[in-house]
Amino acid sequence: MTGRRLRVGLDGSLASSKRPTGVEHFARSLLGELLRLHAADVEWFLYLPPYADIGCEVPPEVHARYRPDVNTLIKKPWLIGNTWRDRLDVIYAFGHLLPGGCRGRYVLTVHDLAFDSYPDCYPPGAPEGARLQVAHACRQANRFVVPSEATRDDLVAGYRFPEKRVHVIYEGSRGIFTPGDPGPLPEKVVSAGIAAPYFLSVGRLDRRKNVERVIEAYRSLLRDGVSCGGLVIVGPDDSGSEAVKARVAAGQVPGEQIVMTGYLDEADLVRLFRGASAVVYPSLAEGFGLPVLEAMACGIPTITSCVSSMREVGAGAALLVEPTDPAAIAAAMRRVLTEPDLREQLAAAGLRRAEELTWRKSAERLLEVFRLAAR
């Protein structure tokens, strides 16, 4: 590589989702910051689906390659061929899937290994398929990027990948998540009778998000006479949707207000964050737990799990609870409602924590990983 810049290819397919959630937001945010780095020693090549919208402008110095809008069977050979034509040194995927045969050292991302620890939270056959994919990725990768020490430890222990080639790069909050006046809440929330102070649960409704226990904890507060403006559940349907809907429909208590909004755009989500008394996110397992950080960036108290990556993200700035104990979740919710000093402490600590974790820092760290891989 002497005498020329490092040639890095980025598979931007994950960043082009029309309805991004956690992993897609990761890809869009990190890609945008990478393209803004203007590293003098790097030449960027970006591989995208037809007509892709990645949420940011592609700088003119970046070589953007758009796949032809023809049969998707050409996706793999198209990508492989371009990596060779572009003489890549490194090829990076925002996930762990890349076809074999690409030119360059592979740098891949493993977001979480929850399918190993909680296989019952996935559809039949999905954990086995995911294990095969990660095992294959371990044979391809020169380096792995993971969003937490918890995920790194799981990858090293479960797949025997060398620890020195697994790099922890924390995620960041998007710039739209800041403190401020919530403004008008989404109509679906208002029409359900929700009013501040309400609790907010955010995330795709898969079973490991543990939303059923959040509902149970909320109802126990009402049974104990604690006043609360309601519970808002935000997120697209997934493996736990039917169970959550059934729990909302059954076992209702007097005075409860629960609304499920489905997927919301960023603007509505920010308004809901800002108006919440707390975000409740006691997931059973996460690779990172982005809603925790985004809530803290909005200056909102956060209740999350004492396990997996969430204890890292919370890092003294959130109330940590045992996620399988609804009474512990309810006790934390009660404290947020009844202890104003605690609310202020959590809000201030959360803002400080959010300032420590930025996508700019993530991109700079990832660039160093590319340089290491090329060596």
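Residues numbered from 1 in each chain as written. Predicted model: local features only at pLDDT ≥ 70, side-chain atom pairs only at ≥ 80, totals over all residues. Heavy atoms only, no water.

Peer 1: Honestly, the sheet that holds strand β2 (residues 42–48) in this entry has me stumped. Any pointers?
Peer 2: Backbone hydrogen bonds hold the strands of a sheet together, and the pairing may be parallel or antiparallel. A sheet is described by the order of its strands in space; here 7 strands give the open sequence β3-β2-β1-β4-β5-β6-β7, paired in parallel fashion. The open sheet has two edge strands, β3 (63–66) and β7 (166–168), and neither has a second partner. The sheet shows a mean angle of 20 degrees between the axes of neighbouring strands, taken without regard to direction. By the bridge criterion, 4 bridges tie strand β5 (residues 105–109) to strand β6 (residues 141–146) in an arrangement that is parallel. Considered in β6, the bridge of Leu108 is made with Phe144. Strands β5 and β6 of the sheet are contacted by helix α4 (residues 126–140), whose axis makes an angle of about 125 degrees with β6. (Pairing = 2+ DSSP bridges. Helix = DSSP H or I, 4+ residues; strand = E, 2+ residues; numbered from the N terminus. Axes fitted to C-alpha atoms, helices over the stretch in contact; angles between N-to-C directions. Contact = heavy atoms within 4.5 Å.)

Peer 1: Looking at this structure, I do not really get the nonpolar core. What am I missing?
Peer 2: Taken as a class, soluble globular proteins show a tendency for nonpolar side chains to be buried jointly. The biggest cluster of nonpolar side chains holds 33 residues, and the ones touching the most others in it are Leu10, Leu34, Trp44, Tyr92, Leu366 and Phe370. Elements with a contribution of two residues or more to this core: β1 (6–11), α1 (22–35), β2, β4 (90–93) and α14 (359–374). Top contributing element to this core by residue count: α14, with 8 residues. Among all residues touching Leu34, those that are not within four sequence positions of it are Leu10, Trp44, Phe94, Ala363, Leu366 and Phe370. By size, the runner-up hydrophobic cluster in this structure holds 32 residues, among which are Val232, Leu264, Leu290 and Ala354. (Core = buried A, V, L, I, M, F, W, Y, C linked by side-chain atoms within 4.5 Å. Buried < 20%, exposed > 50% of the residue type's maximum accessible area, 1.4 Å probe, protein only.)

Peer 1: Got a minute to help me understand the side chain of Ser16 in this structure?
Peer 2: Mapped onto the fold, Ser16 is located in the loop between β1 and α1. From its side chain, Ser16 meets the backbone oxygen of Ser13 in a polar contact 2.7 Å long. (Polar contact = N/O pair within 3.5 Å; in protein donor to acceptor, adjacent residues only side chain to side chain.)

Peer 1: Can you walk me through the packing of helix α10 (residues 290–297) against helix α13 (residues 340–356) in this structure?
Peer 2: Geometrically, a packed helix pair is captured by the angle between its two axes and the distance between the axes. Where α10 meets α13, the closest approach of the two axes is 7 Å, and the angle between their N-to-C directions is 115 degrees. Remark: the crossing between α10 and α13 carries left-handed chirality. The residues of α13 that touch α10, namely those facing Leu293, Met296 and Ala297, are Gly350, Leu351, Arg353 and Ala354. (Left-handed = near helix turned anticlockwise from the far one by under 90°.)

Peer 1: It is not clear to me how the environment of Ala141 should be interpreted in this structure. Could you clarify?
Peer 2: Looking at the element boundaries, Ala141 is found in strand β6. Taking the relative accessible area as the measure of exposure, Ala141 reaches 8% and is therefore buried. Placed 53 residues apart in sequence, Ala141 and Leu88 show a C-alpha to C-alpha distance of 15 Å. If we skip the residues at most four places from it in the chain, Ala141 touches Tyr106, Leu108, Phe161 and Arg165.

Peer 1: I'm lost on the pattern of salt bridges in this one. Help?
Peer 2: When the charged atoms of two side chains with opposite charge come close together, those side chains can pair. Under the counting rule described, the total for this entry stands at 27 salt bridges. Connected via shared salt-bridge partners are Asp112, Asp206, Arg208, Lys209 and Glu286. (Salt bridge = Lys/Arg side-chain N within 4 Å of Asp/Glu carboxyl O.)

Peer 1: Please clarify how α4 should be interpreted in this entry.
Peer 2: Residues that lie three or four places apart on an α-helix share one face, since the helix turns once every 3.6 residues. In this model α4 runs 21 Å from its N-terminal to its C-terminal C-alpha over 15 residues, within 8% of the 21 Å that 1.5 Å per residue would give. Of all the positions in α4, only Pro127, Ala130, Val134, Ala137, Cys138 and Gln140 are classed as buried. Looking straight down α4, one finds its buried side chains confined to an arc of 155 degrees; they lie on one side. Facing away from the buried surface of α4 by more than 90 degrees, the exposed residues are Leu132 and Arg139. Summarising the contacts, the buried residues of α4 are in contact with β5, α3 (114–117), β6 and α5 (149–159). (Expected span 1.5 Å × (residues − 1). Arc of directions from axis to C-beta.)

Peer 1: How should I be thinking about unusual backbone geometry in this particular structure?
Peer 2: The phi torsion of most residues other than glycine is negative, and most of the peptide bonds are trans. Each neighbour pair has its own omega, and for Ala196 with Pro197 the value is 0 degrees, a cis peptide bond. Topologically, Pro197 is positioned in the loop between α6 (187–191) and β8 (198–202). Despite not being glycine, Tyr51 has its phi angle at roughly 60 degrees, a positive value. Relative to the helices and strands, Tyr51 resides in the loop between β2 and β3.

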